[in-house]
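Structural overview for review
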Amino acid sequence: MNNEELFKNVISHSKEYGFIFPSSEIYDGLSAVYDYGSYGAELKNNIRTYWWKAMVQLHENIVGLDSAIFMHPTIWKASGHVDAFNDPLIDNKDSKKRYRADNLIEDYIGKQEDKIEKEVEKAKKRFAENFDEALYRSTNPRITEIKNNIATVHGRYKKAMEESNWVDLRQVIIDLEIVCPVSGTKNWTDVRQFNLMFSTSMGAMEETSNLLYLRPETAQGIFVNFLNVQKTTRMKIPFGIAQTGKAFRNEIVARQFIFRMREFEQMEMQFFVQPGSELKWYEQWKEKRLAWHHSLGFGKDKYRFHDHTKLAHYANAACDIEFEFPFGFKELEGIHSRTDFDLKSHEKFSGKKLQYFDPELNSSYVPYVVETSVGLDRLFLSVLSQSLIQEKLEDGTTRDVLRLPPFLAPVKCAVLPLTKKDGLSEKALEIFNTLKLSMYCQYDEKDSIGKRYRRQDAIGTPYCITIDHQTLEDNTVTIRERDSMKQDRVAIAEVQKIVGEKTDIVSALRRL
Ligand code: ATP
């Protein structure tokens, strides 16, 4: 299966097995908005819980928060979102497709970087053991030429973005001869600016009501509660505040399924530190967050850092953790050193002090902030696209199996009576009713046992236990493992321990 097929398969599998549905489907859907089905909701909860426990429960100096989506409108003035949360958009006149102008250029740069990697790979094969990669990268004329080209493009692109000079930005696209991936032509419109915030109003009377925004990030709820949280939890700097919740962005280009949505969920943590120590913490959080992603077990080569050259107005260092989605390496998480920009700005706009008295320094200051911000939906997509496998079996048939990390699987164990007759259903229900107290289980007696196994494989259930006639005689069941399909006979009394040890989140947290 190539990547395009895999991606199509992920989308259709999500729908067919109750992970993700297009929103408002019976009304033909709503663009870039999705609903999570029963298994999707479980998987999403499990991913969220893993993040929350890893951040809050495992760090004595990180505490949680759940702030409202609606906030005072001045917050978005102070954060810079009213004035600066804009994307440059451009249309191709032939395909009528809309793109973010900055993304077109970044994709071009990405392709140039891929060319370098290809050159290195070729040379590696050619020179075998004698290959000095660092030397080759710094001296090979072809690589130097590509690097120089990237640097020139970067420079022009960065300047145009910083100055919001959309004429120059368009010129970069024209000069690089970037074509529309759909029409293949270079027939571009002007670049225009577009604010990404959704607005609504609060209050009964239209004339007197206040214009409100749906929050485009959860971070500001943390900043404006910084002192409330610090005082009530008696946290000392350095400490962090974590929060998960919905965010809304009127994205210009919203393709690629749940990768870019207009309503999505973020999991963010703002870490408050002494001024001057922020870059040290930034490096630490980069490593910690990468290790968290690696702990999912999909392979280290699936992740890479991408340092930002164009820094947002609030940052003095920033990078993305990128994941190799079926459509290439793309941002999964952002890690930003946000300086004291947000707190200072809220001090200015609210007229209230947002300072911390540091007993060690015996002085007050506005803390600096390092942020980690990951999209729950993008994580969901990374997990799903990495887990879905179409397996060829020895008998020539295929099975769709979702090899989810067991602690993330929606259903941990399926309880299946071999037949409904002879008291097997009753025995199976008795086992199910005990097991369900400690883990999410599913009881299924419909269809042949083979079909039931396949259904559980498709939703990623790590274990199935089957109750047969022998169970009634000696209180044993067969336990089937999803990935190996191996079956063992075990005592009923042991099932909870076997499944629990392999699927509970504690073992995963211990590995971090
Ligand atoms: P992008 O460059 O892809 O638009 P961003 O840099 O604007 O993302 P941030 O503002 O840093 O994203 O948000 C942090 C995280 O929130 C992102 O890494 C991503 O996982 C998630 N995220 C942002 N926008 C969306 C969206 N429209 N749909 C789904 N997830 C999103």
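As shown above, the structure is provided for reference.
Being a predicted model, the structure only gives us computed values, none of them experimental. (Residues numbered from 1 in each chain as written. Predicted model: local features only at pLDDT ≥ 70, side-chain atom pairs only at ≥ 80, totals over all residues. Heavy atoms only, no water.)

Note that Asp395 resides in the loop between strand S17 (388-392) and strand S18 (398-402). Polar side-chain contacts of Asp395 include one of 2.6 Å to the side chain of Thr397. (Helix = DSSP H or I, 4+ residues; strand = E, 2+ residues; numbered from the N terminus. Polar contact = N/O pair within 3.5 Å; in protein donor to acceptor, adjacent residues only side chain to side chain.)

What surrounds the ligand is a group of 16 residues, the closest being Glu251, Arg260, Met261, Glu331 and Leu332. One of the backbone N or O atoms of Met261 is found 2.8 Å from a nitrogen atom in the ligand. Within the backbone of Leu332, a nitrogen or oxygen atom sits 2.8 Å from an oxygen atom of the ligand. Every element with two or more residues in the shell around the ligand is listed here: strand S10 (263-273), strand S13 (328-339) and strand S16 (368-375). It is S13 that provides the largest number of residues to the shell around the ligand, a total of five residues. Residues that form the shell around the ligand fall into these classes: four nonpolar, five polar and seven charged. (Near = heavy atom within 4 Å. Nonpolar A, V, L, I, M, F, W, Y, C, P; charged D, E, K, R; others polar.)

Let's shift gears to the packing of aromatic side chains. Under the criterion given, the structure shown has 25 aromatic pairs. Joined through ring pairs, the aromatic side chains of Phe7, Tyr34, Phe257, Phe259, Tyr303, Phe323, Phe325 and Phe327 make up one cluster. In this structure, Lys286 is placed above the aromatic ring of Phe305, and the distance from its NZ or CZ to the ring centre is 4.7 Å. The ring of Tyr453 carries the charged tip of Arg480 above its face, separated from the ring centre by 4.4 Å. (Phe/Tyr/Trp six-rings, centres within 6.5 Å; stacked < 30°, edge-to-face > 60°. Lys NZ or Arg CZ within 6 Å of the ring centre and 35° of its normal.)

Our next topic: helix H17 (residues 492-503). Between its terminal C-alpha atoms H17 stretches 17 Å, which fits the 16 Å expected from 12 residues at 1.5 Å a residue. Within the sequence span of H17, burial applies to Val495, Val499, Gly500 and Thr503. Considered in projection along H17, the buried side chains sweep an arc of 110° and stay on one side of the axis. Facing away from the buried side of H17 by more than 90 degrees, the exposed set consists of Ala493, Lys497 and Lys502. Looking at the buried residues of H17, the elements they touch are strand S19 (413-417), helix H14 (424-435), strand S21 (463-467), strand S22 (476-481), strand S23 (487-491) and helix H18 (505-511). (Expected span 1.5 Å × (residues − 1). Buried < 20%, exposed > 50% of the residue type's maximum accessible area, 1.4 Å probe, protein only. Arc of directions from axis to C-beta. Contact = heavy atoms within 4.5 Å.)

Glancing now at the nonpolar core. Within the largest apolar cluster, 61 residues are counted, with the highest numbers of intra-cluster contacts made by Phe19, Tyr50, Leu296 and Phe380. For this core, the two domains that each supply at least three residues are domain 1 (1-73 + 216-390) and domain 3 (398-510). Setting aside residues up to four positions removed in sequence, Phe380 forms contacts with Phe19, Ile20, Tyr36, Gly40, Leu43, Lys44, Ile47 and Ile258. One finds Tyr108, Tyr157, Ile173 and Ile178 within the second-largest nonpolar core, a separate group that totals 28 residues. (Core = buried A, V, L, I, M, F, W, Y, C linked by side-chain atoms within 4.5 Å. Domains from an automatic or database assignment.)

This part covers the environment of Val401. Structurally, the position occupied by Val401 is in strand S18. For the pair Val401 and Tyr99, spaced 302 residues apart in sequence, the C-alpha separation works out to 35 Å. Excluding anything up to four places from it in sequence, Val401 contacts Ser387, Leu388, Ile389, Glu391, Asp457, Arg482 and Asp483.

Two modes of strand pairing occur in sheets, parallel and antiparallel, and in both the strands are linked by backbone hydrogen bonds. Taken together, five strands build an open sheet; the order of strands is S20-S19-S21-S22-S23 and the sheet is mixed. Looking at which strands have only one partner, the edges of the open sheet turn out to be strand S20 (441-443) and S23. Going across the sheet, the axis of each strand differs from the next one's by a mean of 25°, ignoring polarity. As judged from the five bridges shared by S19 and S21, these two strands associate in the parallel manner. Of the residues in S21, the one forming a bridge with Val415 is Ile465. (Pairing = 2+ DSSP bridges. Axes fitted to C-alpha atoms, helices over the stretch in contact; angles between N-to-C directions.)

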